[in-house]
Amino acid sequence: KNEVEQSPQNLTAQEGEFITINCSYSVGISALHWLQQHPGGGIVSLFMLSSGKKKHGRLIATINIQEKHSSLHITASHPRDSAVYICAVNTGTASKLTFGTGTRLQVTL
Amino acid sequence: NAGVMQNPRHLVRRRGQEARLRCSPMKGHSHVYWYRQLPEEGLKFMVYLQKENIIDESGMPKERFSAEFPKEGPSILRIQQVVRGDSAAYFCASSPTNRINEKLFFGSGTQLSVL
């Protein structure tokens with residue numbers, strides 16, 4: 001079993017839909033990252049959080065430390081949100097991130 | 001302020017050749033991390049370097065792989081005698097400090113193809 005599990009693996013939504021991507025982890029963590037990988041391959045850091053909730057534009061990330069669970073929400077989804085969304089956790093040192101396998105999101109018109 | 005720069009974007013090597021992947025961190029960043037993404041797999045940590053020092057190389061294969069981050073110039077990930085299984089996307093990221101809650105900035109990656 002992977003230390004970081006994401007669901008769903010693949011997600012197709014219509015433009016305007018509210019989207020939720022889930023991440024569960026089985027280890028103690030110091031921080032959790034949400035990353036976005038574009039079709040061209042580049043990776044962008046969306047959020048880094050260790051508690052509570054963060055919001056940036058149409059993106060919201062939440063984390064529940066007790067339940068070892070995080071969610072990434074996208075409101076009013078748009079085709080340009082189509083990408084792979086990756087959850088990653090810091091397990092105590094700055095260097096090591098352990099990654100989930102990603103959620104491939106396709107938003108259609 | 002340019003982002004993290006990786007080159008080349010694409011690198012083709014024949015089995016047995018050497019591959020050199022370069023990563024220039026963001027200005028002011030002295031911490032560099034290398035990750036590998038094998039086809040259809042998630043990213044995996046390889047090595048963490050700070051200027052002139054390897055801090056953590058626990059994710060590096062024991063043979064053929066090495067990394068450096070000299071005082072001047074980019075960080076280099078070197079793969080000797082490449083094999084087909086080395087074909088992957090290699091990403092580097094940088095940060096200004098090694099604090100746990102530091103945001104990472106990623107490069108666009110180098111896609112290595114071994115023929």
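All residue numbers refer to position in the chain's written sequence, counted from 1. Ligands are numbered from 1 and chains lettered from A, in the order in which they are written. In keeping with the predicted nature of the model, local features appear solely for residues at pLDDT of at least 70, side-chain atom pairs appear and are counted solely at 80 or more, and the whole-chain, interface and lining totals rest on all residues. The side-chain figures draw on all heavy atoms in the structure; neither hydrogens nor water molecules are used.

### What to know about the overall build of chain A
We apply this condition: Numbering of helices and strands starts at the N terminus; helices are DSSP runs of H or I of at least 4 residues and strands are runs of E of at least 2. All radius of gyration figures rest on C-alpha atoms, and the globule criterion is 2.2 Å times the number of residues raised to 0.38. In this analysis, two residues are considered to be in contact whenever any of their non-hydrogen atoms come within 4.5 Å of each other. Surface exposure here means Shrake-Rupley accessible area, sampled with a 1.4 Å probe, where a residue is shielded only by the protein chains that are shown. His is not counted, nor are the chain ends, whereas Lys and Arg count as positive and Asp and Glu as negative. A charge is said to be at NZ when it belongs to Lys, at CZ for Arg, at CG for Asp and at CD for Glu.
Looking only at helices and strands, chain A features zero helices and 11 strands. Its helices and strands taken in sequence order, chain A reads β-β-β-β-β-β-β-β-β-β-β from the N to the C terminus. Relative to its length of 109 residues, chain A is compact, with a C-alpha radius of gyration of 13 Å against a globular reference of 13 Å. A principal-axis box enclosing the C-alpha atoms of chain A has dimensions of 40 × 25 × 25 Å. Contacts in chain A between residues far apart in sequence, at least 24 positions, make up 54% of those at least 6 positions apart. Accessible surface for chain A amounts to roughly 5100 Å². Of this, 49% is attributable to carbon and sulfur atoms. Averaging the coordinates of the 9 positive side-chain charges in chain A and doing the same for the 6 negative ones gives two points 7 Å apart.

### Side note on the layout of surface pockets
Definition in use: Every definition here rests on a 1 Å grid over the protein atoms only: cavities are sets of points where a 1.4 Å probe fits but cannot get out, pockets are open sets enclosed by protein on both sides within 12 Å along at least five of seven lines, and lining residues have some atom within 4 Å of a point. Grid points are joined across faces, edges and corners, and a volume is the space filled by probe spheres set on the points.
The space that makes up the largest pocket amounts to roughly 750 Å³. For the largest pocket, the lining is made up of 34 residues, of which Gln37(A), Val84(A), Arg104(A), Gln37(B) and Glu40(B) are closest to its centre. Listing elements by their share of the lining of the largest pocket, those giving two or more residues are strand E9 (83-90) and strand E11 (103-108) of chain A together with strand E9 (88-95) and strand E11 (110-114) of chain B. Looking at the lining of the largest pocket, the element that brings in the most residues is E11(A), giving four residues.

### Remarks on the sheet that holds strand E6 (residues 52-56) of chain A
Residue and element names in this part refer to chain A. Quick note on the threshold: Here the rule is simple: two strands pair whenever DSSP picks up at least two bridges between them. All axes here are fitted lines through C-alpha atoms, helices being fitted over the stretch that makes contact, and every angle between N-to-C directions spans 0 to 180 degrees.
Overall, antiparallel pairing links the five strands, which are arranged E1-E3-E8-E7-E6 in an open sheet. What marks the edges here is a single partner per strand, and that holds for strand E1 (4-7) and E6. Ignoring which end each strand starts from, the neighbouring axes of this sheet average 15 degrees apart. For strand E3 (residues 19-25) and strand E8 (residues 69-74), the ladder comprises six bridges, and the chain directions are antiparallel. Opposite Thr20, over in E8, you have His73 as the bridge partner.

### What to know about the packing of aromatic side chains
All names here are of chain B. To keep it simple, the criterion reads: Each Phe, Tyr or Trp ring, with Trp reduced to its six-membered ring, pairs with another whose centre is within 6.5 Å; inter-plane angles below 30 degrees give stacked pairs, above 60 give edge-to-face pairs, and intermediate values give tilted ones. Buried residues are those whose accessible area, probed at 1.4 Å on protein chains only, stays under 20% of the maximum for their type, while exposed residues exceed 50% and partly exposed ones sit between those limits.
If you walk through the whole model with that rule in mind, you get four aromatic pairs over all chains. With a centroid separation of 6.2 Å and 65 degrees between ring planes, the pair formed by Tyr35 and Phe45 is classed as edge-to-face. Taken as a pair, Tyr35 in strand E4 (residues 31-37) and Phe45 in strand E5 (residues 43-50) lie far apart in primary sequence, 10 residues in all. In terms of burial, Tyr35 and Phe45 fall into one category: buried. Taking 5.9 Å as the distance between ring centres and 35 degrees as the angle between the ring planes, the aromatic pair formed by Tyr35 and Phe106 counts as tilted. In this pair, Tyr35 is assigned in strand E4 and Phe106 in strand E10 (residues 105-106), connecting sequence segments 71 residues apart. Both residues of the pair, Tyr35 and Phe106, belong to the buried class.

### Digging into the pattern of salt bridges
All names here are of chain A. Here is the rule we go by: A pair is scored as a salt bridge if a Lys or Arg side-chain nitrogen falls within 4 Å of a carboxyl oxygen belonging to Asp or Glu.
A full pass over the atoms with the stated rule returns four salt bridges over all chains. Here Asp81 makes a salt bridge to Arg58, at a shortest N to O gap of 2.9 Å. Here the residue Asp81 occupies a position in the loop between E8 and E9, and Arg58 occupies one in the loop between E6 and strand E7 (59-64), the gap between them amounting to 23 residues. Residue Arg58 is classed as partly exposed on the basis of its relative accessible area of 26%.

### Topic: the pairing of E5(B)
Residues and elements named next belong to chain B. Of all the eight residues making up E5, six are buried; the element is thus mostly covered by neighbouring parts of the structure. Two elements, E4 and E5, share seven bridges in a ladder whose sense is antiparallel. Paired with Val32 across the bridge in E5 is Leu49. Taking the residues that link successive antiparallel strands as the turn, the E4-E5 hairpin has five residues, and the phi of Glu40 there is positive, at about 65 degrees. Joining the antiparallel neighbours E5 and strand E6 (residues 53-56) is a turn of two residues, in which Glu52 adopts a positive phi near 70 degrees.

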